[in-house]
Amino acid sequence: MKNRKEGFRAGLGQLAIPLIAIGLLVIFNLIRDPGFFSIEIKHNIDGNAVLAGNLISIINGASELAILAMGMTIVTAACGGQDISVGAAAAIAGSMFVKVLKSAQEITGGTVILAFLAGCLIAMVFGAFNGTLVAVFKIQPMIATLILYTCGRSIAYWINGGATPSVESPIIAAWGSFIPGIPIPTPVLIVILMAIIFALLFRFTSLRLFTQAVGINESAAKLNGINTTWIKLLSFIILGVCVAVAGSIGVSRLGLINHETLLLDVEMDTILAVAIGGNSLGGGRFRLSGSIIGAYVIQMLTTTLYAMKVPSTDVKAYKAIVIIILVVIGSPVVKKNFAKFMSDIRRKKAQKADQSEKGAA
């Protein structure tokens, strides 16, 4: 029981930074515009009643980032490094997704599933490639994934012969926007589904335990019979699935594949979401919920800046300043000093209480 309470407190401590960040952004926006988070029901171009408003835009817009952050968290925990090729890999998966759809005479539910599985397969293959470099050849993750980061979008370009084909289908439109009769954006539902799948995976397998063990101490994990090479490789394959899901959502939103712009620069936001979520970028213990909240922090910050009429060319600079502050506050050094400061305050209070009791006696 005591261990459970300690684990619960540790979890709350890890989530403190992203929750405080969201709280501050909510307060700031409510002061700036009391109606900023208002939600209303509108009818889209298909005549379906859907939820609309800044809050829905934030939750919906962060979907791809949240999904990628889940996979990046696993890789970070197991390997103590990050995959900087997720945007390029998503472009590859998205290109394959469109390639299969365009090769079919008619886009049906079965065709979409087949296209998605093809995108998953190719993303998992490239994930396994990255994982092999890291797990087998012991290359630092950021260096290993730099290869795909550099050439990935060119590969996506070759898949469709340099074209940017569009895919027009009610099924694809529903995947990227709304399912008729359901007012919640489909990408939000996909994020929830992915979170549930991960929760079940951690609940009924030893993946979380083995991943954390490898990330904390690889040598000790080996001595305990854990196949550290397979765990690292598996983490990149899982990230490949997340990449395929995010890539298919990005394609479905636009109804076409643009290998140059699909999830462009998402790599840094993904890594920052993991860091803001309180996860150590050096590997070990992790919390997916923190990374998901971190993704929404980044999206809320972006939406807030645009609402304040900040030029798009300046948004990244403002985001960088705020994110640096959040990351520094959540750094081990600051946490250690803050814990020491609080410990000193408690010790002084205890000393004063002792002195008061002695004086009364």
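### Digging into the overall build of the chain
What the chain contains, in helices and strands, is 16 helices and two strands. The C-alpha atoms of the chain give 23 Å as radius of gyration, which agrees with the globular expectation for 361 residues (21 Å, within 12%). Taking the principal axes of the C-alpha coordinates as reference, the chain spans close to 90 × 55 × 40 Å. Residues counted as buried form 45% of the 361 residues belonging to the chain. Long-range pairs, those at least 24 residues apart, make up 73% of the contacts in the chain with a sequence separation of at least 6. About 18600 Å² of surface is accessible on the chain, with carbon and sulfur atoms providing 66% of the total. Between the mean site of the 29 positive side-chain charges and the mean site of the 17 negative ones, the chain shows a separation of 13 Å.

### Details of helix α14 (residues 288–307)
Compared with an ideal rise of 1.5 Å per residue, which puts 20 residues at 28 Å, α14 spans 29 Å between its outermost C-alpha atoms and is within 8% of the ideal. Positioned one or two residues after α14, Lys309 has a phi angle of 65°, which is positive.

### Let's talk about the pairing of strand β2 (residues 49–52)
Here β2 shows a clear split, with Val50 and Ala52 buried on one side and none of Ala49 and Leu51 buried on the other. Taking the residues between adjacent antiparallel strands as the criterion, strand β1 (residues 40–43) and β2 are bridged by five residues, where Gly47 takes a positive phi near 85°.

### Things to note about helix α2 (residues 54–61)
Because each turn of an α-helix spans 3.6 residues, side chains separated by three or four positions end up pointing in the same direction. Within α2, burial applies to Ile56, Ile58 and Asn60. Here the buried face of α2 lies against β2, α3 (63–79), α9 (186–204), α12 (228–254) and α14.

What counts and how
Residues numbered from 1 in each chain as written. Predicted model: local features only at pLDDT ≥ 70, side-chain atom pairs only at ≥ 80, totals over all residues. Heavy atoms only, no water. Helix = DSSP H or I, 4+ residues; strand = E, 2+ residues; numbered from the N terminus. Rg over C-alpha atoms; globule rule 2.2 N^0.38 Å. Buried < 20%, exposed > 50% of the residue type's maximum accessible area, 1.4 Å probe, protein only. Contact = heavy atoms within 4.5 Å. Areas by Shrake-Rupley, 256 points an atom, 1.4 Å probe, with all protein chains shown as cover. Lys, Arg positive; Asp, Glu negative; His and termini not counted. Charge placed at Lys NZ, Arg CZ, Asp CG, Glu CD. Expected span 1.5 Å × (residues − 1). Pairing = 2+ DSSP bridges.

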